[in-house]
Amino acid sequence: MALDRRNFIRAAAATVGGAALSACGGGKKKDACCKDGEGACCKSKCKDLELKLSFQEGTPPGDNLNAKFDFMENLGIVGFEPGGRGLAGRVKEIKDALSGRNIKVSAICAGFSGFILSTEEKVRQECIDTMHEIITAAGELGSTGVIIVPAFNSQTPVMPHTQETRDFLCEQFDLLGTFAAQHNTTVILEPLNRGEAFYLRLVADAASICRDINNPGVRCLGDFWHMTREETSDMGAFLSAGKYLQHVHMASRKRRSMPGEDGDADNYVDGFRGLKMIGYDKYVSFECGCQSSDRAATVTAAVKLLRDQWEQA
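Residues numbered from 1 in each chain as written. Predicted model: local features only at pLDDT ≥ 70, side-chain atom pairs only at ≥ 80, totals over all residues. Heavy atoms only, no water.

Tracing the chain through its elements places Asp70 in helix H2 (residues 65-75). Counting along the chain gives 10 residues from Asp70 to Pro60, while the straight-line C-alpha distance between them is 9.6 Å. A polar contact is formed between the side chain of Asp70 and the side chain of Arg101, at a distance of 2.9 Å. (Helix = DSSP H or I, 4+ residues; strand = E, 2+ residues; numbered from the N terminus. Polar contact = N/O pair within 3.5 Å; in protein donor to acceptor, adjacent residues only side chain to side chain.)

Shown next, in the form of structure tokens:
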């Protein structure tokens, strides 16, 4: 067959179509959400996928954990994301407060000391030691993982942004991931925007590290606030993560406030569509402030906004 333009296009279309069918198991999965990066051809079948919302401790109103959890249960919030600092000493407190409730611990928000990309061994070891402590507590709480950032811009002296640094990072996270897996949890790499971190800014970069390490204890996170400044597409970012996506952070687009407080800018449908396409069944957790003096009403409105947009996706 002559390779003219028309035949080339036909051949390419046939190849892409065959690959798409293969990705969905030859059509066998067309009645269910696809996972592990297979969702592009199944997106219309994911309407019933649950939006599992989670709150950090400072999100709901309330003077103590029980008051906060009462508020969360009334809103149907099913996840709680505590901070990692001092977590080992709070395990019993959190377990007791969650007893009998339909709320589970989602991810643990950092809380470690030091940082893994320090040029100083003492600082790196401080990071490892405190991460081990938090990971152990996370395992006791049944958490999905402990969030970690390789280095913030303010942390110096720091290793250079080179291939050797990436190799070192993979080696260290592999060790942390193995420790996490032994405690039935994970370490979760969080990409930030360039204003906060020079290293690891795209969800795809974090996912590629997870892929290269190939350790079930190492996963990544997507944060709508950081993604607004770094990603060209929310959907594309989540599709690039696929099976490695372990957690999602949520905030308004302009001021990192409650979703909806920045008006029309707070549209997450594209990202939610991407989450549905990969069959994401983990938590979407609030990590944001609040501009309003009426926190209860603002949080309630934010939850409704996200649920409405999830339905639209």
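Going from Thr156 to Pro157, the amide bond is cis rather than trans, its omega being -5°. Here Pro157 lies in the loop between strand S5 (145-148) and helix H5 (163-182). We note that Ala110 has phi near 50°; this positive angle belongs to a residue other than glycine. Mapped onto the fold, Ala110 is located in the loop between strand S4 (107-108) and helix H4 (121-141). Classification of Ala110 as partly exposed rests on a relative accessible area of 22%. (Buried < 20%, exposed > 50% of the residue type's maximum accessible area, 1.4 Å probe, protein only.)

Let us look at the packing of aromatic side chains. As enumerated under the stated definition, the model contains 8 aromatic pairs in all. Ring centres of Phe224 and Phe238 lie 5.5 Å apart, and the angle between their planes is 70°; this geometry places the pair in the edge-to-face category. Highlighted residues: Phe224 in helix H7 (residues 224-230) and Phe238 in helix H8 (residues 234-241), separated in sequence by 14 residues. Given a relative accessible area of 0%, Phe224 falls into the buried group. (Phe/Tyr/Trp six-rings, centres within 6.5 Å; stacked < 30°, edge-to-face > 60°.)

On to the pattern of salt bridges, then. Counting across every chain of the model gives 16 salt bridges. The closest approach of N and O atoms between Arg90 and Glu93, which form a salt bridge, is 2.9 Å. The exposure class assigned to Arg90 is buried, which follows from its relative accessible area of 18%. Judged by relative accessible area, Glu93 falls into the partly exposed class, the value being 38%. Among the ionic pairs, Asp212 bridges to Arg211, the shortest N-O distance being 2.9 Å. According to the relative accessible area criterion, Arg211 is partly exposed, its value standing at 48%. Taken together, the salt bridges that share partners define one network made up of Glu196, Asp223, Arg256 and Glu287. (Salt bridge = Lys/Arg side-chain N within 4 Å of Asp/Glu carboxyl O.)

Moving on: a negative patch on the surface. A surface patch of negative charge is lined by Glu164, Asp167, Glu171 and Asp174. In this structure, Glu164 sits in helix H5. (Patch = residues over 30% accessible without salt bridge, like charges linked within 9 Å, V, L, I, M, F, W, Y side chains within 5 Å. Areas by Shrake-Rupley, 256 points an atom, 1.4 Å probe, with all protein chains shown as cover. Lys, Arg positive; Asp, Glu negative; His and termini not counted. Charge placed at Lys NZ, Arg CZ, Asp CG, Glu CD.)

Here we take up the nonpolar core. Buried together is how nonpolar side chains tend to be arranged in soluble globular proteins. Judged by nonpolar contacts, the single largest core of 83 residues is most densely connected at Phe55, Leu117, Met131, Leu189, Phe272, Leu275 and Phe286. In terms of residues, this core owes the most to one element, H4, which gives 9 residues. Setting aside anything within four residues of it in sequence, one finds Phe55 in contact with Pro60, Phe71, Met72, Leu75, Ile77, Gly79, Phe80, Glu81, Ser285, Phe286, Val299 and Val303. (Core = buried A, V, L, I, M, F, W, Y, C linked by side-chain atoms within 4.5 Å. Contact = heavy atoms within 4.5 Å.)

So, on to the side chain of Thr165. Note that Thr165 resides in helix H5. Only 2.4 Å separates the side chain of Thr165 from the backbone oxygen of Pro160, close enough to count as a polar contact. Sequence-distant contacts of Thr165, that is, excluding residues within four places in its chain, are made with Leu117, Met159, Pro160 and Tyr199.

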